[in-house]
There are 2 protein chains.
Amino acid sequence: MLTLQARFQSAFAMQDFHTSPDFDAVQHAAARIAPFAQVTPVLRSASLDALTGCQLFFKSENLQRVGAFKFRGACNAVYSLSDAQAARGVLTQSSGNHGAAVALACRLRGITARVVVPRNAPAVKLAAIREFGADIIPSGTTQAERDAVMAEVLAQTQAEVIHPFNDARVIAGQGTATLELMNQVNSLDSVMAPVSGGGLLSGTAIAAHALDPAIRVFGAEPEQAGDAAESLRRGERVTGWIPDTICDGLRAELGPLTFDILRTHRAQILLASEAEIIAAMRLLWERLKLVVEPSSAVPLAVVMRHRATFAGRRLGIILSGGNVDLEKLPWLPAA
Amino acid sequence: MLTLQARFQSAFAMQDFHTSPDFDAVQHAAARIAPFAQVTPVLRSASLDALTGCQLFFKSENLQRVGAFKFRGACNAVYSLSDAQAARGVLTQSSGNHGAAVALACRLRGITARVVVPRNAPAVKLAAIREFGADIIPSGTTQAERDAVMAEVLAQTQAEVIHPFNDARVIAGQGTATLELMNQVNSLDSVMAPVSGGGLLSGTAIAAHALDPAIRVFGAEPEQAGDAAESLRRGERVTGWIPDTICDGLRAELGPLTFDILRTHRAQILLASEAEIIAAMRLLWERLKLVVEPSSAVPLAVVMRHRATFAGRRLGIILSGGNVDLEKLPWLPAA
């Protein structure tokens, strides 16, 4: 098994993980995914503006295909493959939206998707991965267990690995959301996205700073999964956090590449508590009339906690996704 | 009281209720409300298309201001008033979205709104009316009781009455949703809206047939509030139905004007059961990631019941509103 894992790690290392995508890569990604991805609307709410004291522009990636921004990165990665690579199929690991996104992108291209899924993945997200026709490969819940399964499948299939965030193709794809947003809305002075592995926030920073070097880039992170904030504070990547958050999309840690990008771009990570996130989620449902998952609500929770920081600002917020279990809303008592 | 009621009815009769607005009126309404109303996005879902066997284009009026299409008609009516009329303020009756819409439109114009509200109005809608600064005037729950209160207030204030649906200005305003939709989407062969008092469906029919005389116009109505279907079937306006539906926005009966318009335009009303409506509502939340109220789900419920009728069609659906009590979702057991 160690040998397999070593091969797996070396296959990872061979990819262009260590190089940040540039703005050109984001623009190419935008052209590549245009036939497949939705141009998602930017929504506003007069009452949320009044409540927060700033002007909020919500980029509604919950309305993206598969219900999350993840489709952008996965689609860009899948359509970046050569025909020879594509013929071997794609392999990834994901407990959620990235898995569904890779599954759909592969189905659109007509190639095989294999998704390693930990046994504790949310049922609603698992169902989506299956619905889009991917092969689901169950694994244990620790990163080591998942890596071991990945390595095994990789050895058997030589499939192309598409990492959920620590992959330049994926980061470039995620950056297209901000490219689109800044074409839809003039004169934003700040942008904010939730941060987990950092793929979305990295792409956000690259696109935003290319279009406006003076724009401020914020990440929003649950306190109880606060490794990114801690990593940037310390100046070194923190690993081994045990996240304990309702935000099932925000339990990963920064990768080496995303850590570097966020540090280079001086992204500022702000935190919110679980109660603040749930309250913000409910507000988004009530005022924006959007079904968003808890991860999507962290930016609004952050804005409400840090009123003074954002007072009067024109802030673009990426609403990352909308895949929730409609039987279990966090503000309702468990049935 | 009879005298007051007679005066009230005659005030109603003096308005241009008896004349259908034409397409010019819809276009004027569009220009009038443009500074205030949202251009709502048209959303699609590949999975709902697959599920229904047709191409569905959802005009997302739940994302309209006050969370419902009602803002269009109310805003058009309020901004149609002369300064002298406006100075006397506006009076209406509504248990829901129309009340909030009139309240907001009046606040935008800086005039007084008075809303007669039955005591059993949904709390979430009542809160919105209050939030937008209207004077709330409580009444009993029957139409007669509400009319009596209306007459009394009218006698005291000489306020301008804006009926929720049986008013040409309101109908023209509601028609702007379809005008917008048909500018956003080419080659629809059918449009569908929920029907209650018939203001939205009347405006829909007027706009749709002006832009494409061959387009088919469908209304969607809860079986348990099926007076419009019955009225059109009989060729005479049915009154006295006692609606029993979860769709709190669909409990009114057609008015004389809307009945005439729907008959003239040969609108076809199709029915759905309560269980079908709840299932469709849950699907819209899950697949479109939109918070919609039960009324908005009736068209999808109808499409799913009448698969053969809609197979292969390009159907525009007006999602009428998104004001729901997030503590009480109809697919969850009562807390």
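This structure is a prediction, so every number in the text was calculated from the model and none was measured.

Cut-offs used in this document
- Residues numbered from 1 in each chain as written.
- Chains lettered and ligands numbered in written order.
- Predicted model: local features only at pLDDT ≥ 70, side-chain atom pairs only at ≥ 80, totals over all residues.
- Least-squares fit on C-alpha atoms with pLDDT ≥ 70 in both.
- Contact = placed C-beta atoms within 7 Å.
- Domains from an automatic or database assignment.
- Helix = DSSP H or I, 4+ residues; strand = E, 2+ residues; numbered from the N terminus.
- Nonpolar A, V, L, I, M, F, W, Y, C, P; charged D, E, K, R; others polar.
- Buried ≥ 20, exposed ≤ 12 C-beta atoms within 10 Å, placed from the backbone.
- Pairing = 2+ DSSP bridges.
- Axes fitted to C-alpha atoms, helices over the stretch in contact; angles between N-to-C directions.
- Parallel < 35°, antiparallel > 145°, perpendicular 65-115°, else oblique.

### Quick look at the relation of the copies chain B and chain A
Thinking step 1. The two copies are related by a screw operation: chain B maps onto chain A through 180° of rotation and 0.0 Å of translation along the axis, at an RMSD of 0.0 Å. As the rotation angle and translation indicate, the two copies are arranged about a two-fold axis. Scanning chain B for the C-alpha nearest the rotation axis identifies L290(B), at a separation of 2.3 Å.
Thinking step 2. Interface overlap between copies: 100% of the residues of chain B at the interface are likewise at the interface in chain A, consistent with a symmetric, same-surface contact.

### Looking at the domain arrangement of chain A
Residue and element names in this part refer to chain A.
Thinking step 1. Domain annotation of chain A identifies domain 1 (2-6 + 71-161) and domain 2 (26-69 + 168-319).
Thinking step 2. In this structure, domain 1 and domain 2 have C-alpha centres spaced 24 Å apart.
Thinking step 3. Listed by partner, the interface residues are 18 residues for domain 1 and 21 residues for domain 2.
Thinking step 4. Put simply, the parts of the chain that give the side of domain 1 that touches domain 2 at least two residues each are α4 (70-80) and α6 (97-109).
Thinking step 5. Class assignment for the residues of the side of domain 1 that touches domain 2 results in 11 nonpolar, 6 polar and 1 charged.

### Section: the environment of I278(A)
Residues and elements named next belong to chain A.
Thinking step 1. Tracing the backbone through its elements, the reader meets I278 in helix α13 (residues 274-288).
Thinking step 2. Residue I278 is classed as partly exposed on the basis of its C-beta count, with 18 C-beta atoms lying within 10 Å.
Thinking step 3. Apart from residues lying up to four places away in sequence, I278 is in contact with I246, P330 and W331.

### Focus on the environment of L257(B)
Residue and element names in this part refer to chain B.
Thinking step 1. For L257, the location among the structural elements is in helix α12 (residues 256-264).
Thinking step 2. With 25 C-beta atoms counted inside 10 Å, the residue L257 sits in the buried group.
Thinking step 3. As a C-alpha pair, L257 and A208 span 49 residues in sequence and 18 Å in three-dimensional space.

### Examining the sheet that holds strand β4 (residues 113-118) of chain A
Residue and element names in this part refer to chain A.
Thinking step 1. In space, the 4 strands of this open sheet follow the order β5-β4-β3-β6, with parallel pairing throughout. The open sheet has two edge strands with one neighbour each: β5 (135-139) and β6 (160-161).
Thinking step 2. As paired elements, β4 and β5 share 5 bridges and run parallel to each other. Bridging from a neighbouring strand, R114 pairs with D135 of β5.

### Focus: the pairing of strand β2 (residues 55-60) of chain B
Residue and element names in this part refer to chain B.
Thinking step 1. Strand direction decides the pairing type here: strand β1 (residues 42-43) and β2, joined by 2 bridges, are antiparallel. What sits directly across from V42, in β2, is K59.
Thinking step 2. Here 6 bridges tie β2 to strand β10 (residues 314-319), and the two strands are oriented parallel to one another. Paired with K59 across the two strands is I318, which belongs to β10.

### Observations concerning the packing of helix α2 (residues 23-33) of chain A against α4(A)
Residue and element names in this part refer to chain A.
Thinking step 1. Close contact between α2 and α4 brings their axes to 9 Å; oriented N to C, the two are set at 85°. Here α4 runs roughly perpendicular to α2, going by the angle between their axes. Contacts from A29, R32 and I33 of α2 reach α4 at R72, C75, N76 and Y79.
Thinking step 2. In terms of residue class, the contact of α2 with α4 is built from 4 nonpolar, 1 polar and 2 charged.

### Describing the interface of chain B and chain A
Thinking step 1. On the side of chain A, 17 residues touch chain B, which itself brings 17 residues to the contact.
Thinking step 2. Sort the elements by how many residues they give to the side of chain B that touches chain A and helix α13 (residues 274-288) of chain B lands first, with 3 residues.

### What about unusual backbone geometry?
Thinking step 1. Its identity is not glycine, yet V66(A) carries a phi of approximately 60°, on the positive side.
Thinking step 2. Mapped onto the secondary structure, V66(A) falls in the loop between β2 (55-60) and α4.
Thinking step 3. Positioned with a positive phi, R266(B) is a non-glycine residue whose angle comes to about 50°.
Thinking step 4. Examined against the element boundaries, R266(B) turns out to sit in the loop between α12 and β9 (268-272).

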